[in-house]
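# Observations on chain architecture
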Amino acid sequence: MSANLSSVRHTRGYDIVKPLSITALLIFMLPLVLLPLSSIFIFGFSSGLQSFWAALTTPDAIFALKLSFVTSFWATVFNLVFGLFAAYVLARYSFWGRNAIIVLISIPTAIPTAVAGFALLLLWGPYGLLGRFLPADTQIMFTPYAIILANIFVTFPLAFGVIMPVLETMNRSLEEASATMGATRWQTFWHVTLPSLRGAIVGGALLTFARSVGEFGSTILVSGNLSGMTQTAPLYIFAKFNEGQVEAANAVAVVLAVFSFVIFSILFFARDWLETE
Amino acid sequence: MKADTTNIAVSVEGVSKSFGSTKVLSDINFDVHEGEILVFLGASGSGKTTILRIISGLETPDSGRVIFHSRDVTGLPARERGTGVIFQSYALFPKMSVEKNIAYGLKLRRRPKKDVNQRVDELIGLVHLEDHRKKFPSQLSGGQQQRVAIARALAYEPEVLLFDEPFGALDAQIRTRLRHEIRLLLKKIKVPSIFITHDQEEALELGDRVAVLNAGQIEQIGTPYEVYMKPDTEFVATFLGAANVLSGVYKNGRFETGASAIELEEPISLDEGSRAKLVVRPEDVFLRRPENLQQHYQKLADGTIEEVSFVGAFERLLVNLNIGNGVTMVVTRPKTETAAFPFQGGESVSAGIVRFRVIPAESRMGGRENVDIVSVS
């Protein structure tokens, strides 16, 4: 087969394998990625923009989207600050157990999200290891704080994973130059280290945020999934679908899909801009 | 040396440093005078980078002192020493424009904005970067980046400039030109400067004095002329340029090897009968037919031409001298010599020498017998 094809190329001076393989690639992707994605949009707008808009602007839908974005925002802020700190410490100092800490930070990537949510319940739930000591009126689980906690856990390694390699490969003499010129450690970090991490910080933030907004497995366990109280956008899609309100589910799904496209585009196209100037 | 301390900008006294069990520097002593350029020449691993880092405060010595203008700075961190370091990669801040890079040290010192701008203008003029002041480091050529690095270091008037192999990242052609430019600039601004390099040509051309470093110790410090023409050790002789080294004995004011005896031109502090080495540069050996060797060459030995090769500007010959079981020596000759006294392989010649140096045999490179041939670069 391959011998035949290559002989075709050589005799006719035209590489037939190229268009064939590109077509094959697209045919593979069609049912796997392209069709599912487009069906969200096709279905979402099939009964007109008006009904789409009506489905999107119900109080519960708006609340779910807001809750997703707000909880994701705080999870992102936390993980960014923590990731930056952890990356700095681990990239700048070598000490016994350094690798163990790196593995520990990265572990949440490998843990199924449902397990993560379950683990949080076992710790902070009303009968959990620590949760049992909390007064009844300050319980964390089944509140928006639980969602933030779950988001933090699930996206914990993302910002760190983006920032750490940039810090590690950064030219150490930049920081040394700053020191010889009279800068304190903090001045060097602020004026020299941080600007060089700008691209990594924005990238890490977007990645964390996007992942948090879409989080389902852990959220459904720790939030209680109470409509209008602790129901995030992905939970809303799931709930509405279960109730047979496909249009309501679809409207929110469209928003999440568009949102992820936007984030992806920024990551894909704005990276160079962030890296240079 | 201690007599004229007013003129000394930087002193390093008895500095030693180990990393783990590896001794990197042992008992380093030197002074840098006001406006002087001192070049440390050494192979990689000789400890030259560590010297620079210790002076700048990026590394602390295990023992010894660093003194800037009679002020002991050994205990001060890098940021309180205010040295101007020009890193090998220049280490320009990539997210800052040329102007901002140069202003950085002044802003850290909270100078008034007006003063900062004025000083930046002045420095940009000094290093001729008027057309590039708004550019970012990635938009500049290697030579321009280097000038930014120098201007940036000069901004806050450092007590000493430290150059870490500043030409390492540049093409050979640009290197020669920049070397010249930097020397002119440093002579103009008169800031004492320490360079480190592994390039002997660079060291000889740049330095007012050259310190040759070997395995963490200074073998010799002197003017380029001194270290090249009067090497104290075999290492210095062979590291700076090429040299023929012959083993022999010091007797009656003469260096004796085989049947040859060379009259020493200047006295040497060697015990009668002790082992010594004769160091001769390939260009200081003159070849004549045995009957023609003139009086002003001291005859080293007779021998046979082994090989003649043309190497562009000069001719290189290998000559087997009748010393012991035969010793091969490298000789280089300019065109005037080759035209007047053409030789071919197999011919008998006499080798005379004009400039040479006799050094004690127990230099640390010791242990090698008879002659070492170091290729002529």
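Scroll up a little and you will see the structure.
Summary of the structure given here.

Calculation criteria
- Residues numbered from 1 in each chain as written.
- Chains lettered and ligands numbered in written order.
- Predicted model: local features only at pLDDT ≥ 70, side-chain atom pairs only at ≥ 80, totals over all residues.
- Helix = DSSP H or I, 4+ residues; strand = E, 2+ residues; numbered from the N terminus.
- Contact = placed C-beta atoms within 7 Å.
- Rg over C-alpha atoms; globule rule 2.2 N^0.38 Å.
- Buried ≥ 20, exposed ≤ 12 C-beta atoms within 10 Å, placed from the backbone.
- Pairing = 2+ DSSP bridges.
- Axes fitted to C-alpha atoms, helices over the stretch in contact; angles between N-to-C directions.
- Parallel < 35°, antiparallel > 145°, perpendicular 65-115°, else oblique.
- Left-handed = near helix turned anticlockwise from the far one by under 90°.
- Nonpolar A, V, L, I, M, F, W, Y, C, P; charged D, E, K, R; others polar.
- Core = buried A, V, L, I, M, F, W, Y, C linked by C-beta atoms within 7 Å.
- Expected span 1.5 Å × (residues − 1).
- Arc of directions from axis to C-beta.

## Considering the overall build of chain B
Scanning chain B for helices and strands turns up 10 helices and 21 strands. With the principal axes as the frame, chain B shows a C-alpha extent of 80 × 45 × 35 Å. Put simply, 68% of the contacts in chain B that link residues at least 6 apart link residues at least 24 apart.

## What to know about the overall build of chain A
Across its full length, chain A holds 14 helices and 0 strands. For chain A, the N- to C-terminal ordering of α and β elements is α-α-α-α-α-α-α-α-α-α-α-α-α-α. Relative to a compact globule of 277 residues, whose C-alpha radius of gyration would be 19 Å, chain A shows 24 Å and is clearly more extended. Dimensions of chain A, computed from C-alpha atoms along their principal axes, come out at roughly 65 × 55 × 35 Å. In chain A, which comprises 277 residues, the share counted as buried stands at 32%. For chain A, contacts bridging at least 24 residues in sequence account for 73% of all contacts bridging at least 6.

## Brief notes about the sheet that holds strand S5 (residues 71-72) of chain B
All names here are of chain B. One open sheet holds the 4 strands; their spatial order is S2-S1-S4-S5, and the pairing between them is antiparallel. Across the chains shown, the open sheet's two edge strands, defined by having one partner strand only, are strand S2 (22-33) and S5. Sheet topology places strand S1 (residues 8-19) next to strand S4 (residues 63-68); 5 bridges connect them, and they run antiparallel. Bridge pairing links Ser11 to Ile67 in S4.

## Quick notes on the environment of B:Ile150
All names here are of chain B. In this fold, Ile150 is placed in helix H5 (residues 142-154). Under the C-beta neighbour-count criterion, Ile150 is labelled buried, with 26 such atoms within 10 Å. When the C-alpha atoms of Ile150 and Gly345 are compared, they prove to be 53 Å apart, with 195 residues separating the residues in sequence. Setting aside residues no more than four positions away along its own chain, Ile150 makes contact with Ile86 and Val127.

## Some words on the packing of helix H3 (residues 98-108) of chain B against helix H4 (residues 113-126) of chain B
Residues and elements named next belong to chain B. Between H3 and H4, whose axes approach to 10 Å, the crossing angle comes to 130°. Put simply, H3 runs oblique to H4. Considering how the two elements wind past one another, H3 and H4 form a crossing that is right-handed. Note on element contacts: H4 touches H3 through Val116, Arg119, Val120, Leu123 and Ile124, opposite Glu99, Ile102, Ala103, Leu106 and Lys107. Here the residues of the contact of H3 with H4 sort into 7 nonpolar, no polar and 3 charged.

## Some words on the nonpolar core
With 101 residues, the main nonpolar core has B:Ile55 and B:Ile86 as its most contacted residues. Of the residues forming this core, the biggest block, 6 residues, is contributed by H5(B). Beyond its immediate sequence surroundings of up to four residues, B:Ile86 is in contact with B:Ala149, B:Ile150, B:Ala153, B:Leu161, B:Leu162, B:Phe163, B:Asp164 and B:Pro166. The next biggest cluster of nonpolar side chains, apart from the first, holds 52 residues, and it includes A:Ala86, A:Leu149, A:Ala248 and A:Ala251.

## Here we look at H4(B)
All names here are of chain B. With 14 residues, H4 ought to run about 20 Å at 1.5 Å a step, and its terminal C-alpha atoms sit 20 Å apart, in line with that. If you check which residues of H4 are buried, you get Val116, Arg119, Val120, Leu123 and Ile124. Along the long axis of H4, the arc covered by the buried residues comes to 135°, so they all point the same way. Of the exposed residues in H4, the ones pointing more than 90 degrees away from its buried face are Lys114, Asp115 and Gly125. Its buried side turned inward, H4 meets H3 and H5. Among the residues trailing H4, His128 stands out with phi positive, at a value near 55°.

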